[in-house]
Amino acid sequence: MAAIGRVTGDQVTGADTPTPDDPGAPGRGGPVRAAAARPLWRTGLLLALPAIAIFTLLFVAPLFTLVANSFRTQTGAFTLDNYVRFLGDPFYRAVLWNTLKVAALTTAGCLLIGYPFALYMRGRSPRTRNWLALLLLSPLLISMVIRAYGWLVVLGPNGPVASVLKWLGITPPQLLYNDTAVLIGMVHVMLAYMVLPLMGSLDRIDPTLVPAARGLGASGWTCFWRITLPLSAPGMLAGAMIVFSLTASSFVTPAILGGPKVKLMPYFVYTQATVNLDWPYAAAIGFVLVVVTTGLLLGYSRLLRRRGGEVVFG
């Protein structure tokens, strides 16, 4: 009876007293639930503010400055002559086309070399994969200038490639200061940017899919074309976008290996800005390259989406 009376008394006297489980109680339950009820996007925004500020300061603001300068003369007056001059000159249109061609060929070369390499790395032990990854990333640990001058030695008239061809009785072709030298150097530099996204896509493929298909009678090529290749499309898309954009805007390697004979857009931006001191025209050339490259990448992404591929960016 005492216990019943105590329970009854507690119920009566504690009717207006908040319990620890009450959302409004000052105990541990109330503040936790109140904090959980706050919008999560505010916390995410606060955490992202430093990155947003750095991105705005180092990318967005210079881009707007570039666009503004491209519509000015050297005296500061507004004009459209910079774009009329570029688009109306067949020489500069040919330079733009050659830049996009070199970027596309570099992307294709990285894909043809990088995809088998990524497939080989996928089936290796962790230790072997670490060594292969170190070999893959080793070019990125060296300065771009040193890498380019290394290829000057390798592809030079007295280099190892020419020496081997002469030993075989073959007259060595001109390997320097042309598109071939630029492609070789750019594929060497950009290969890691293709293989790493491919490795991410290949590692996410269910390892039981191929054995199941083989058990149902599919051949190795059928498994590759119907399972592995389609499921690795996001990695190919990401790698192609990275390699294409970086190659189209690369300056050091094409300038050293291609020289003045290889006409690419970044070289002319540098020439107009530092030699001719025509900053507005250099800004117009750079902005045209940004717009064309971005448009091609967006079109490539939408093409894969229409074919059922997963959209990685955008």
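Please read these numbers as outputs of a predicted model, since none were measured by experiment.

Just to check I follow, could you spell out the packing of aromatic side chains for this structure?
When we look at a pair of aromatic rings, we describe it by the centre distance and by the angle of the planes. Per the counting criterion, the structure on display carries 13 aromatic pairs. Seen in terms of ring centroids, Phe71 and Tyr83 are 5.0 Å apart; in terms of plane orientation they differ by 40 degrees. Their pairing is tilted. Highlighted residues: Phe71 in the loop between α3 (40-70) and α4 (81-87) and Tyr83 in helix α4, separated in sequence by 12 residues. An aromatic cluster is defined as three or more aromatic residues linked by ring pairs; in this entry it consists of Phe86, Phe91, Tyr92, Tyr267, Phe268 and Tyr281. Lying over the aromatic face of Tyr120, Arg124 brings its terminal NZ or CZ to 4.4 Å of the ring centre.

Would you take a moment to explain the pattern of salt bridges for this structure?
For side chains bearing opposite charge, pairing can occur when the charged atoms are close. Per the counting criterion, the structure on display carries 3 salt bridges. Residue Asp179 is joined to Lys101 by a salt bridge in which the shortest nitrogen-to-oxygen separation is 3.8 Å. Linking Asp179 in helix α9 (residues 179-203) with Lys101 in helix α5 (residues 90-122), this pair joins segments that are 78 residues apart in sequence. Residue Asp179 is classed as partly exposed on the basis of its relative accessible area of 26%. A relative accessible area of 33% means that Lys101 is categorised as partly exposed.

Just to check I follow, could you spell out helix α11 (residues 220-231) for this structure?
Two residues of an α-helix separated by three or four positions point the same way, owing to the 3.6 residues in each turn. Between its first and last C-alpha atoms α11 spans 16 Å; for 12 residues at 1.5 Å apiece the expected length is 16 Å, and the two agree. Looking only at α11, the buried set comprises Cys223, Phe224, Ile227 and Thr228. Within α11, the buried residues cover an arc of 125 degrees as seen down the axis, which keeps them to one side. Exposed and facing more than 90 degrees away from the buried side of α11 are Trp221 and Arg226.

Would you mind showing me how to read the nonpolar core here?
Across soluble globular proteins, nonpolar side chains show a tendency to be buried alongside one another. Formed by 27 residues in total, the largest nonpolar core has its most connected members in Cys110, Tyr115, Ala118, Met190, Met194, Val195 and Leu198. When contributions to this core are tallied by element, the ones reaching two or more residues are α5, α6 (126-137), α9 and α12 (233-248). Ranked by residues supplied to this core, first place goes to α9 with 12 residues. Ignoring sequence-local partners within four residues, the contact set of Val195 consists of Gly114, Phe117, Ala118, Met121 and Leu136.

Help me understand a nonpolar patch on the surface in this model?
Taken together, the side chains of Trp41, Leu45, Leu46, Leu49 and Ile52 make up a nonpolar region of the molecular surface, amounting to roughly 530 Å² of accessible area. Its location among the elements puts Leu49 in helix α3. Exposure remark for Leu49: the relative accessible area of 41% places this residue in the partly exposed category.

Procedures and definitions
Residues numbered from 1 in each chain as written. Predicted model: local features only at pLDDT ≥ 70, side-chain atom pairs only at ≥ 80, totals over all residues. Heavy atoms only, no water. Phe/Tyr/Trp six-rings, centres within 6.5 Å; stacked < 30°, edge-to-face > 60°. Helix = DSSP H or I, 4+ residues; strand = E, 2+ residues; numbered from the N terminus. Lys NZ or Arg CZ within 6 Å of the ring centre and 35° of its normal. Salt bridge = Lys/Arg side-chain N within 4 Å of Asp/Glu carboxyl O. Buried < 20%, exposed > 50% of the residue type's maximum accessible area, 1.4 Å probe, protein only. Expected span 1.5 Å × (residues − 1). Arc of directions from axis to C-beta. Core = buried A, V, L, I, M, F, W, Y, C linked by side-chain atoms within 4.5 Å. Contact = heavy atoms within 4.5 Å. Patch = residues over 30% accessible without salt bridge, like charges linked within 9 Å, V, L, I, M, F, W, Y side chains within 5 Å. Areas by Shrake-Rupley, 256 points an atom, 1.4 Å probe, with all protein chains shown as cover.

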